[in-house]
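# An overview of the molecular structure
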Amino acid sequence: MKNIKLVAMLFLNSFKDLLPIILVIAFFQIFILQQVPKDLGSIVLGLIIVAVGLAVFIQGLEIGIFPIGESLAHEFSEKGSVVWLLLFAFAIGFATTIAEPALIAIAKKAQIISLGKINAETLRLTVALSVGSAIALGSWRIITGHPIHLYIITGYVIVVVFTFFVPVEIVGLAYDSGGVTTSTVTVPLVAALGVGLASSIKGRNPIIDGFGLIAFASLTPMIFVQGYGLIVYNIDFESVSHIQEVNAASNVIVDKFSAMNLFFELVNVIKDILPILAVIFFFQYVIIKKRLKNLLKISTGIIFVIIGLYAFIIGLEMGLFPIGETMALQLTAQDNVFYIYLFGFLIGFSTTMAEPALLAVAMKVEEISQKRIKQMILRLSVAFGVAIGISLGAYRIVHGDPIHYYIIVGYIVVIILTFLAPKYIVPIAYDSGGVTTSTVTVPLVAALGLGLATQIEGRSPLIDGFGLIAFASLFPMITVMGYGVISQYLEKRDAKLKSKKDNK
C-alpha cells in the first residue's frame, strides 16, 4: 500500500512537471496557429505514458543509480588508488556517451546536412573520448581540491580561441555537442560519483567540490569537436553516394509503434544502459573485489530505470515529438517572428521543468545542501535561463548573426559572475548548463533551430541551424549564479536589519 501511494505521488508530481508543456502547446495551437492537432488521442496517451515513465525512472534513480555511484566513489577513496579511480571515471564517461540517444540523433543529422563531410560515427567517438577525459579530469580536480573555476575559465578561453581558427561549418555543431552529452542516465551517475568522492575525502565539501563533473563533460566536447572540424574540413573527399544511401534510409516510412519496433526500442534502451552497467560491475567485482550491498534493491532500481526510461521515450514519440516538430515548421511559416521567440521562450521553460536529468541533480543538490538550496527554486532558475537562451538563439538565426559573438559575450558574463556569486553555487551553476539539454529538450530545440535555418532564405542549416542547444546550455549558468548573487545580497541585508533591531 505504501509503495502504491509513493508511485501515485510521483505520478502526480511528474504530471505537474509536464503541465507547462501541455499548456504552451495548447495555447499556440488554439490561439496562434488556430489548428487542432492531428491524433489528439495519441498525444494525450503519450503524455500520460511520459508521466508514468518519469515517476518510475525517478524511483529507480533513488534506489539504484544514486547508491551505486556513491558506493563506488567511497570504495575507490578507501582503496586509495587514484589510477583506478581515474580509469573508472574515464570508462563511465566514455560508455555513457557513446550510446547517448541525443548525441546519436545530432550526429546523424550533422552527417546528412554536411553531405558526409562530418562522419556520424567518428563524431560520436570524438565526443565520447572528450567526455571520458572530462570525467577523469573532473575527478582529479576533486582529489586535488583545485578550484573549479580555474579549469572552467581556462576551457572557455580555449573554446573561444579555437572558434576563430576552425571552419564556420563546425562552430555551431561544436557548441551544441557540449549540450547533448549529458543524458538522463549519465547525469545522476556522474553527480553521485562527484558527491560521493567529495564526501569521502577529508577536507572536501560535497557542495563546493562534489558538483562540477557535468560541467567538465559539457565543456571538453566543444574543444574536441572543434579540433575534429579543423581536420575534416581540410581534407577533400567525396561521399555523395553514401549520403544518398543515408537519406534514402531516413525517408523509409516505419510504423514506430508496431510490436516489433516497440520491442527494438526496449532493446535500444537496454543497450544504452548496458555499457554503464558493464563498467560498474567490472570495477565493483574485478577491481574493488567486493559484493554490492543490497544487490536485490539496486537491481530493482536499475530495472525501474530501464522501464521508466523506455516508457518516457515511447511517450515522447507518441505525444511531444510529432507536435513539436510540426509546430516548429508551422511557426517558421508565420509572418510574425515574435511568435517564434515567444514559442522558443515558453517551450524552453516548460521542457526544462520536465527534464529528468535536471530533476535528478536538483534533488541531490537539495539533499546535500540540507535544503539551503530548494530544488524547485533551482529548477525555476535553470528553466528561466534555458527560455532566455532559446529565444535569443532563435533571434540569432532569424537575423543571421554569427553565433560566436553571442557565446563569447555569454562566457564573459559567466566569468564575471563566477567571482561575484557565492562559492557554493558556482559548481552547481556550471553543472546546470549540462543537465538542461537531455531527453526532452534536445529533439524539440534541434527541430526548431534546423526548421528556422531551412525555412528562412539565406540561412544554412549546417552553419545557422545548430547552436540553439549551446544557448540552452549557456544561459542557465548565468541565471543560477544570478540567483546566488541575489540570495547572498538578501541574506546580508536581512542580517544587517536583524543586527539593527538587536542593537535597539
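Now for a quick tour of the structure. It should be emphasised that the depicted structure is a prediction, and the values quoted were computed from it without experimental measurement. (Residues numbered from 1 in each chain as written. Predicted model: local features only at pLDDT ≥ 70, side-chain atom pairs only at ≥ 80, totals over all residues. Heavy atoms only, no water.)

Here the focus is the packing of helix H6 (residues 148–163) against helix H17 (residues 403–420). Following both chains from N to C, one finds H6 and H17 inclined at 165°, their axes separated by 11 Å at the closest point. The pairing of H6 with H17 is recorded here as roughly antiparallel in orientation. Remark: the crossing between H6 and H17 carries left-handed chirality. Contacts from His149, Ile153, Tyr156, Val159, Val160 and Thr163 in H6 reach His404, Ile408, Tyr411, Val414, Ile415, Thr418 and Phe419 in H17. By residue class, the composition of the contact of H6 with H17 is nine nonpolar, four polar and no charged. (Axes fitted to C-alpha atoms, helices over the stretch in contact; angles between N-to-C directions. Helix = DSSP H or I, 4+ residues; strand = E, 2+ residues; numbered from the N terminus. Parallel < 35°, antiparallel > 145°, perpendicular 65-115°, else oblique. Left-handed = near helix turned anticlockwise from the far one by under 90°. Contact = heavy atoms within 4.5 Å. Nonpolar A, V, L, I, M, F, W, Y, C, P; charged D, E, K, R; others polar.)

This part is about the packing of helix H3 (residues 82–98) against helix H5 (residues 120–144). At their nearest, the axes of H3 and H5 sit 7 Å apart, and the two run at 145° to each other. Seen from above, H3 lies across H5 with right-handed handedness. When its residues are assigned to classes, the contact of H3 with H5 shows 17 nonpolar, five polar and one charged.

Under the criterion given, the structure shown has 16 aromatic pairs. With a centroid separation of 5.4 Å and an interplanar angle of 40°, the aromatic rings of phenylalanine 27 and phenylalanine 31 are classed as tilted. Taken as a pair, phenylalanine 27 and phenylalanine 31 lie in helix H1 (residues 2–32) at a separation of four residues, close to a single helical turn. Through successive ring pairs, a cluster of aromatic residues spans Phe27, Phe28, Phe31 and Phe343. Between the NZ or CZ atom of arginine 372 and the centre of the ring of tyrosine 424, over which it lies, the distance is 4.2 Å. (Phe/Tyr/Trp six-rings, centres within 6.5 Å; stacked < 30°, edge-to-face > 60°. Lys NZ or Arg CZ within 6 Å of the ring centre and 35° of its normal.)

Before going further, it helps to examine the pattern of salt bridges. On inspection of all chains with the given rule, the structure shows five salt bridges. The partner of lysine 290 in a salt bridge is glutamate 75, with the nearest N and O atoms 3.2 Å apart. With lysine 290 in the loop between helix H11 (259–287) and helix H12 (295–318) and glutamate 75 in helix H2 (residues 40–79), the pair connects residues that are 215 residues apart, well separated along the chain. Here glutamate 367 ties to lysine 364 by a salt bridge, and the two come within 3.5 Å at their closest N and O atoms. Taken together, the residues glutamate 367 and lysine 364, both in helix H15 (residues 356–368) and three residues apart, mark about one turn of the helix. (Salt bridge = Lys/Arg side-chain N within 4 Å of Asp/Glu carboxyl O.)

This part covers the nonpolar core. Of all hydrophobic cores here, the largest spans 161 residues; its most connected members are Leu123, Ile135 and Tyr430. With 15 residues, the top contributor of residues to this core is H2. In this view, tyrosine 430 contacts Ile148, His149, Ile152, Tyr156, Ala215, Val414, Thr418, Met477 and Met481; residues no more than four positions away in its chain are not counted. (Core = buried A, V, L, I, M, F, W, Y, C linked by side-chain atoms within 4.5 Å. Buried < 20%, exposed > 50% of the residue type's maximum accessible area, 1.4 Å probe, protein only.)

Let's shift gears to H2. With 40 residues, H2 extends 56 Å from end C-alpha to end C-alpha; this agrees with the ideal 58 Å at 1.5 Å per step. Of all the bends in H2, the largest measures some 45° and sits at leucine 61. (Expected span 1.5 Å × (residues − 1). Bend = angle between axes of the 7 residues up to and from the residue.)

Turning our eyes to something else, we now look at the environment of proline 356. Position of proline 356 relative to the elements: it lies in helix H15. Since its relative accessible area comes to 3%, proline 356 is described here as buried. When the C-alpha atoms of proline 356 and serine 199 are compared, they prove to be 24 Å apart, with 157 residues separating the residues in sequence.

Leave glycine aside and you will find that most residues have negative phi; peptide bonds, for their part, are mostly trans. Of note in the backbone geometry, glutamine 370 takes a positive phi value of approximately 55° without being a glycine. Here glutamine 370 shows up in the loop between H15 and helix H16 (375–399). A positive phi angle, near 65°, is found at lysine 371, a position not held by glycine. Its location among the elements puts lysine 371 in the loop between H15 and H16. Residue class for lysine 371 comes out exposed when judged on its relative accessible area of 52%.

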